[in-house]
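# Structure assessment
Chain by chain, the residues run as shown.
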Amino acid sequence: DLAATDAVQPARLLQARLAVTNDALTICGQAFPKDSFEHLYVIGAGKAAAAMAVATENILGHYITDGLVTTKYNHALPTQTIRVIEAAHPVPDAASISAVQQTLEMLQKATSNDLVICLLSGGASALWCDVPPQLSLTEIQNTFQQLIHSGAGIEEVNVVRKHLSLIKGGQLVRHCGGARVVSLIISDVPGDSLDVIASGPTVPDASSFTDVQKILTKYDLHSTLPPTVHRYIENGLNGFVSDTPKKNDPIFSQTLNFIIGNNQMALLAAAQKARTLGYHIHLVSELVTGNTVQEAIIFTRMAQNYTGPKPVCILQGGETTIQVSGRGKGGRNQHFTLVALNEFNNLQHRHHHESITILSGGTDGTDGPTDAAGGVVDDDTWKRALAGHSSIENYIQDNDAYHFLQQTESLLVTGPTQTNVMDIMIAIVQ
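The rules behind these values
- Here the residue numbers are simple positions, counted from 1 along each chain's written sequence.
- The model is predicted, so local features are restricted to residues of pLDDT at least 70 and side-chain atom pairs to those at 80 or more, both for listing and for counting; the totals for chains, interfaces and linings are taken over all residues.
- Calculated side-chain values reflect all of the structure's heavy atoms, with hydrogen atoms and water omitted.
- In the sections that follow, a salt bridge refers to a side-chain nitrogen of Lys or Arg positioned within 4 Å of a carboxyl oxygen of Asp or Glu.
- Runs of H or I in DSSP of at least four residues are treated as helices and runs of E of at least two as strands, each being numbered from the N terminus.
- Burial classification: accessible surface area is computed with a 1.4 Å probe over protein chains only, and a residue below 20% of its type maximum counts as buried, one above 50% as exposed, and the rest as partly exposed.
- Should DSSP find at least two bridges between two strands, the strands are regarded as paired.
- Any pair of residues with heavy atoms lying within 4.5 Å of one another is described as a contacting pair.
- To obtain an axis, a line is fitted to C-alpha atoms, over the contacting stretch when the element is a helix, and the angle between two such axes runs from 0 to 180 degrees between their N-to-C directions.
- Here the aromatic set is Phe, Tyr and Trp, taking the six-membered ring for Trp, and pairing holds for ring centres within 6.5 Å; pairs whose planes are under 30 degrees apart are stacked, those over 60 apart are edge-to-face, and all others are tilted.
- Note that a disulfide, as used here, is simply two cysteine sulfur atoms within 2.5 Å.
- Expected helix span is taken as 1.5 Å per residue step, with the number of steps being one fewer than the number of residues.
- This arc corresponds to the set of directions leading from the helix axis out to the C-beta atoms.
- We define a nonpolar core as any set of buried Ala, Val, Leu, Ile, Met, Phe, Trp, Tyr and Cys residues linked to one another through side-chain atoms lying within 4.5 Å.
- N or O atoms closer than or at 3.5 Å make up a polar contact, with two conditions inside protein: a donor-capable atom paired with an acceptor-capable one, and, for residues adjacent in sequence, both atoms drawn from side chains.

### As for the pattern of salt bridges
Tallied over the entire structure, the rule returns 10 salt bridges. As a salt-bridge pair, Arg-332 and Glu-319 come within 3.1 Å of each other at their nearest N and O atoms. Taken as a pair, Arg-332 in helix α12 (residues 332-350) and Glu-319 in the loop between β11 (312-318) and α12 lie far apart in primary sequence, 13 residues in all. Judged by relative accessible area, which is 24%, Arg-332 ranks as partly exposed. Salt bridges here are not isolated pairs; linked through shared partners, they connect Asp-66, Arg-83 and Lys-109.

See the structure below:
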């Protein structure tokens, strides 16, 4: 059942926050009288951007002058006024560059008499990609790829992305011609930090080139990144490249940012559904942000050692970080379930155990560069693995969770969900 993702569908979220009355548009409780703006432009990027565009058109209709949003390949939907471009994720491609160029060209028409609505969701940091002078797309792709594989958290990855861009980290507002800008944001980051989601294109940025340097040192990336990227960062450190705009910058005086959906909403909906199915609920209040392997072990042991009323549905949300050293195929959710299965097996040798099922899935329907959202494992998965003579340790070592889960019929495949609020982990203890 998709109760969790249904709760954070753009149509539902925007219906509650956008409205048209006789004399005004209302956005998240703020009234914008129709005679206070000349044109309305809609821009945006993210895995949910196409669905957000459809929902916005359904509500605002003919008030939209022009629009353009960018989403991931195979995530586009038919629209009326707002054009949809597809691009690559998690590593940008030429279409990502073209999407930004076309968005900026449209924004050149905007003036201080206009209103810009910006629709943002997770994935926008890659889908909207620009290449600053002196750098090439190949160098940006190389840098992003290394960051993703380094084990750096999303906040750290996006600090670097913001400083290798002329639109991220609040800089997009510089291109809006003084128009009022209202961003409607579906959060895919822990703590719903506005400056981290989509690399905060319409939000003041507290980070600096000095922070970039620290992150590259922390993950030992100095020797492996392209020399031109190092030179660009050096130029930033020495003041030859402008830093991102900070919170006292007057460009933000006409900008509003609203979170309209997050992981908590999805978790509460999942909990409600589980209750109706007769489960007791144990909801982990903290979002998980640690190492994938460690968090999978902690979660499995929590299920194994649970002593409250049963059957129980244990729920947690977040986004773990995975360090990729193998050459296999997978994503953090698939790896999470594979490690959980291995831990499961280790625990079985030591304890009598109850029947436990563990699921970990990305709410966007895609986990890493695969067609799966994650995985679901239980006792039967282990039996199927033994029957097929599959060595779980080898698959873990090679970061090849996808092929193990595929062989044991344990992949979670949903297709694009048109939303994105991080990951959900579920343990069912009978």
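### Regarding the sheet that holds strand β15 (residues 423-429)
Sheet architecture is open: six strands sit in the order β10-β11-β15-β12-β13-β14, paired in mixed fashion. Pairing within the sheet leaves two strands with one partner each, and these edge strands are β10 (280-283) and β14 (411-412). Pairing geometry for β10 and β11, over four bridges, is parallel. The residue of β11 that forms the bridge with His-282 is Ile-314. Strands β10, β11 and β15 of the sheet are contacted by helix α10 (residues 263-276), whose axis makes an angle of about 170° with β11.

### Re unusual backbone geometry
A cis amide bond links His-89 with the next residue in sequence, Pro-90, at an omega value of 10°. Within the secondary structure, Pro-90 sits in the loop between β6 (82-87) and α4 (94-107). In this structure, the amide linkage connecting Lys-310 to the following residue, Pro-311, adopts the cis form with an omega of 0°. Take Pro-311: it is sitting in the loop between α11 (292-304) and β11. Its identity as a non-glycine residue notwithstanding, Gln-134 has a phi of 75°, on the positive side.

### Quick look at the environment of Thr-357
Mapped onto the elements of the fold, Thr-357 is located in strand β12 (residues 356-362). Taking the C-alpha atoms as reference points, Thr-357 and Thr-300, 57 residues apart in sequence, are found 9.6 Å from one another. Here Thr-357 is in contact with Val-376, Val-377, Asp-378, Ile-426, Ala-427 and Ile-428, once residues within four sequence places are set aside.

### With respect to the packing of aromatic side chains
By the definition in use, this model includes two aromatic pairs. Measuring from ring centre to ring centre gives 5.9 Å for Phe-299 and Phe-336, while their planes differ by 55°; the resulting arrangement is tilted. Remark: Phe-336 occurs in helix α12 and Phe-299 occurs in helix α11; sequence separation between them is 37 residues. Residue classification places Phe-299 among the buried residues on the basis of a relative accessible area of 1%. Given a relative accessible area of 0%, Phe-336 falls into the buried group. On the basis of an interplanar angle of 70° and a centroid distance of 5.4 Å, the ring pair of Tyr-395 and Phe-404 is categorised as edge-to-face. Taken individually, Tyr-395 and Phe-404 each receive the classification buried, so the pair is uniform in this respect.

### Details of the state of the cysteines
Within the structure shown, the criterion is met by zero disulfides. Free of any disulfide, Cys-176 has its nearest cysteine sulfur in Cys-118, 7.6 Å distant.

### Remarks on helix α6 (residues 137-149)
Spanning 13 residues, α6 covers 18 Å between terminal C-alpha atoms, matching the ideal 18 Å at 1.5 Å per step. Residues of α6 that are buried: Glu-139, Ile-140, Thr-143, Phe-144, Gln-146 and Leu-147. The buried residues of α6 all sit within an arc of 165° when viewed along its axis, so they share a single face. At its buried positions, α6 is contacted by α5 (124-127), α7 (154-163) and α9 (227-237). Looking one or two places after α6, you find Gly-151, whose phi comes out positive at around 95°.

### Points about the nonpolar core
Of all hydrophobic cores here, the largest spans 39 residues; its most connected members are Leu-14, Ile-27, Leu-40, Leu-60, Leu-115, Ile-117 and Leu-184. Every residue in contact with Ile-27, bar those within four places of it in the chain, is listed here: Arg-17, Leu-18, Phe-32, Leu-115, Ile-117, Val-182, Leu-184 and Phe-258. Within the second largest apolar cluster, 27 residues are counted, among which are Val-284, Ala-340, Ile-358 and Ile-396.

### A short note on the environment of Arg-332
When the C-alpha atoms of Arg-332 and Asn-257 are compared, they prove to be 29 Å apart, with 75 residues separating the residues in sequence. Those residues within four positions of Arg-332 in sequence are excluded, and the remaining contacts are Thr-292, Glu-319, Thr-320, Ile-322, Asp-367 and Asp-423. At 3.1 Å, the side chain of Arg-332 and the side chain of Glu-319 are in polar contact.

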